[in-house]
Amino acid sequence: MKLYNSLTKRVEEFVPNEEGKVKMYTCGPTVYHFAHIGNLRSYLMEDVLEKLLRYSGYDVTRVMNITDVGHLSSDADTGEDKMLKGAKREHKTVMEIAKYYTDAFFADCAKLNIKTPDVVEPATNCIPEFIHMIEVLLEKGYAYKAGENVYFDTSKLDNYYVFGNQNEEELMVGVRDDVTEDENKRNKNDFVLWFTKSKFEDQALKWDSPWGVGYPGWHIECSCISMKHLGEYMDIHCGGVDNMFPHHTNEIAQSESYIGHKWCNYWFHVHHLNDETGKMSKSKGEFLTVSLLEQKGYDPIVYRLFALQSHYRKPLVFSYEALDQSVQTYKKLKNRISSIEDGGDVDASAVKDWHDKFAEVVGNDVNTAMGLTLVYDVLKADLSGATKRAVIADFDQVLGLRLLDPVTADEHLTDASADTDPELAAHVEAKIAERAAAKKEKNFALADEIRAQLLEEGIVLTDTREGTKWEKK
Ligand code: AMP
Ligand code: ZN
C-alpha cells in the first residue's frame, strides 16, 4: 500500500513498525457543537483508510480522543474554552454538553457508515497521564513554568517545524485573533501544557496538579491518549489539514521530547471541504450538518459517495448542485447493481483477482475515485451475476456505500437510461461520475474532454438541476 506522508511530502510505500499490524490514531472532535460535514469529510476519509488497511490484511488498532476540555477558541491557547462556550450557549453544564455532542457525533458517523474506532477516550478521563507527561517534560528541561501556567519551550528543539513550509501567516498564530499576546511565553509558538491562570477564571472543569488547580492544554491529550493505548511507536496519525500546525506540530514536539525517539511514521491529512464562500464554518451562514442534509431530503450515504468521488488530498467545494449529481450517480449505481441477473456460481478466484486489483488501485494513496470506477468495470465484466455481486460486496467493505441494499422507492429510476443496454449505461455513468469529480476539482479541461469523448461515441450529455442526463445521438 502507498500513502502520502505529510512528514516527507511524498507518496511512500507503507511499512508498519510491526509486520501485519497497524497502530492508528485520529484526532477526535471537540464536542461543543455538532460536527459539520467538513469535519465529517475528514472522519470519512480516515474511515476509508482504516477499512482499506483491514481489507489489505492488516490487523488495525485505531484510537480516537474526544476533546472535552482545553481546546480554546484559537488553536494558539487564546480565547475561551470551546466547551465552556457551548455550555453557556445552551445553559447546560460542560459535561452535559460533552455527552450530548459526543452522542450526536457518533450518530452522524453511523449515518455515514463510519466505523467507531476500537478505543474512544475522552480527555477528561486521562488527567493523571497528562500530569505525568508534563512532569517528565519539566524534568527533562523541555517545559517551564511562567505566570502560573506550564509551557512547552519550542526553542529546545532543533526542528520544531517538522511539517515545514509554515508561512508567515501561520507563524503568526500566537498573535492573531485580536487578543493580547501571552507575555509569559518565551518564544511566540511556545504552547500551554497546563493552565492554572488564564484570562478566564470561570473554567468549569479543574483538577489539582503539582502546579495548582487547573486544566490541561489541548495538544497534550493526543500525545497521552495515543501512548496510553498504542505505546511509544505509532504507524499512522490522522487529522484534517488544519491540524498540521500548530496541533500536530506540538503533539510531535512534546511526544518525542518525552519518549526520546521518533514517535509516528506516517501523517495522513485530509484536505478541507469548503462551501462556496471558501470556508466551512459553524458560525456564519448555513451550518451544514448531516441533520440538515436529511431535512432537505438527502440520504446521508450520498454524502459519503460525494466525498469518495474526490481525492482526500484536494480541497473539495460543497454545493447542493454537486450533491444532486451524487444523488443521481448513487441511484443509477444501485439500480444497475440490483438489476444484475441472478444465477451462476461465485467464481472465487475471480473474486480474489478483483479484490487484489481493488487493493492495489485504491491502495495507491487512497484513490477512492478509481475504486468507484472499478465498480463500473465489474458491472461490465464477463462474470456471472453471483460473482459480480460477490465482488461488489467485497469492494463495499471499503467503500461503505451499502451498494447491495435493496433499491428504495426514492431511489427507483424512472428515466430512459434504466432501459438501455446495461454495459453502455455502466460505461457512460462511470464517465459522468468522472466528469462530475473533475468539475468538483475545478479541472474543467478534463470535464470538457470527457464530454467530447462521449460525444464522439454518440452520447450527448445535458446538465440539469437533477444531475447530468444522457442520451444517444
Ligand atoms: P474539531 O472538532 O474542530 O477539533 O475538528 C474535527 C476534525 O475536523 C479535525 O480533524 C479538523 O482538522 C477537521 N476539519 C475541520 N474543518 C474541516 C473542513 N472544513 N473540512 C475537512 N475537515 C475539517
Ligand atoms: Zn490531536
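Above this note sits the structure.
J.: Please give an account of the overall build of the protein chain that cites residues and values.
T.: Summing up its helical and strand segments, the protein chain has 15 helices and 15 strands in all. Its C-alpha atoms give the protein chain principal-axis dimensions of about 75 × 50 × 40 Å. Each of the 473 residues in the protein chain was classed as buried or not, and the buried ones make up 44%.

J.: Please give an account of unusual backbone geometry that cites residues and values.
T.: Of note, the bond from Phe-245 into Pro-246 is cis; its omega dihedral lies within 30 degrees of zero at 5 degrees. The topology assignment puts Pro-246 in helix H7 (residues 244-259). With phi around 70 degrees, Glu-148 is a residue other than glycine that occupies positive phi space. Looking at where Glu-148 falls in the secondary structure, it is placed in the loop between strand E6 (143-146) and strand E7 (149-152).

J.: Go over the site of ligand 1 with me, naming the residues and quoting the values.
T.: For ligand 1, the set of nearby residues contains 15 residues, the closest of which are Gly-38, Asn-39, Gly-240, His-272 and Met-280. For the shell around ligand 1, the elements supplying multiple residues, two or more each, are helix H1 (37-55) and strand E10 (234-240). Here the shell around ligand 1 gets four residues from one element, more than from any other, and that element is H1. Across the shell around ligand 1, the residue classes tally to five nonpolar, eight polar and two charged.

J.: Tell me about helix H14 (residues 422-440), and please be specific about residues and values.
T.: At 3.6 residues per turn, the α-helix brings residues three or four places apart onto the same side. Compared with the 27 Å implied by 1.5 Å per residue over 19 residues, the 27 Å span of H14 between its first and last C-alpha is a close match. With 14 of 19 residues buried, H14 lies mostly within the body of the structure. Immediately beyond the C-terminal end of H14, within one or two residues, lies Lys-442, with a positive phi of roughly 60 degrees.

J.: Give a detailed account of the sheet that holds E10, specifying residues and quantitative values.
T.: Across the sheet, which stays open at both edges, the five strands sit in the order E5-E4-E3-E10-E11 with parallel pairing between neighbours. Each having just a single partner strand, strand E5 (119-122) and strand E11 (264-270) make up the two edges of the open sheet. Adjacent strand axes in the sheet meet at a mean angle of 20 degrees when their direction is disregarded. Where strand E4 (residues 59-66) meets E5, four bridges bridge the pair, whose relative direction is parallel. When the bridges of E5 are listed, Val-63 appears paired with Val-119. Sheet strands touched by helix H6 (residues 219-230): strand E3 (21-26), E4, E5 and E10. Its angle to E4, the strand with the most contacts, is close to 145 degrees.

J.: An account of the pairing of E11 is needed here, citing residue identities and associated values.
T.: With seven of its seven residues buried, E11 lies for the most part within the structure. Handedness of the β-α-β unit built from E10, H7 and E11 comes out right-handed.

J.: So what about the sheet that holds strand E8 (residues 191-195)? Which residues, and what values?
T.: Taken in spatial order, the four strands of this open sheet run E6-E7-E8-E9, and their pairing is antiparallel. Only two strands of the sheet have a single partner each, and these edge strands are E6 and strand E9 (215-216). Summarising the sheet, E8 and E9 pair through two bridges and their orientation is antiparallel. When the sheet's bridge partners are listed, Phe-195 is paired in E9 with Tyr-215.

J.: Account for helix H13 (residues 385-399), with residues named and values stated.
T.: In a regular helix each residue adds 1.5 Å, so 15 residues correspond to 21 Å; H13 covers 20 Å between its end C-alpha atoms and thus fits that length. Where the residues of H13 are buried, they touch H1, helix H9 (300-308), helix H10 (320-338), helix H11 (348-362) and helix H12 (368-380). In the segment just after H13, Gly-400 is the residue with positive phi, at about 65 degrees.

J.: Could you give an account of the packing of H12 against H13, with specific residues and numbers?
T.: Closest axis-to-axis distance for the H12/H13 pair is 10 Å, and the angle between their directions is 170 degrees. Judged by the inter-axis angle, H12 sits roughly antiparallel to H13. Within the contact between the two elements, H12 uses Gly-371, Leu-374, Val-375, Val-378 and Leu-379 and H13 uses Lys-388, Val-391, Ile-392, Phe-395, Val-398 and Leu-399. Considering only residue class, the contact of H12 with H13 consists of nine nonpolar, one polar and one charged.

Reading the values: rules and limits
- Every chain is numbered on its own, with residues counted from 1 as its sequence reads.
- Chains carry letters and ligands carry numbers; both start at the beginning, A for chains and 1 for ligands, and go up in the order they are written.
- pLDDT decides what is reported in this predicted model: residues at 70 or higher carry local features, side-chain atom pairs at 80 or more are listed and counted, and totals for whole chains, interfaces and linings draw on all residues regardless.
- Elements are defined by DSSP. Helices are runs of H or I of four residues or more, strands are runs of E of two residues or more, and each kind is numbered from the N terminus.
- To assign burial, the other C-beta atoms lying within 10 Å of each residue's own C-beta are counted, with C-beta atoms placed from the backbone; 20 or more indicates buried, 12 or fewer indicates exposed, and intermediate counts indicate partly exposed.
- Nearness between a residue and a molecule or strand is assessed with a C-beta atom placed from the backbone; a distance within 6 Å qualifies.
- Under the scheme applied here, ten amino acids are nonpolar (Ala, Val, Leu, Ile, Met, Phe, Trp, Tyr, Cys and Pro), four are charged (Asp, Glu, Lys and Arg), and all others, including Gly, are polar.
- A helix is expected to span 1.5 Å for every residue after the first.
- A pair of strands is labelled paired if DSSP reports no fewer than 2 bridges between them.
- What counts as an axis is a line fitted to C-alpha atoms, over the stretch in contact for a helix, and the angles between N-to-C directions run from 0 to 180 degrees.
- What counts as a contact is two residues whose backbone-derived C-beta atoms lie within 7 Å of each other.
- For a crossover, the right-handed case is the one in which the path from the first strand over the helix to the second runs clockwise, viewed with the strands pointing away from the viewer.
- Oblique is the label for every angle not falling under 35 degrees (roughly parallel), over 145 degrees (roughly antiparallel), or within 65 to 115 degrees (roughly perpendicular).

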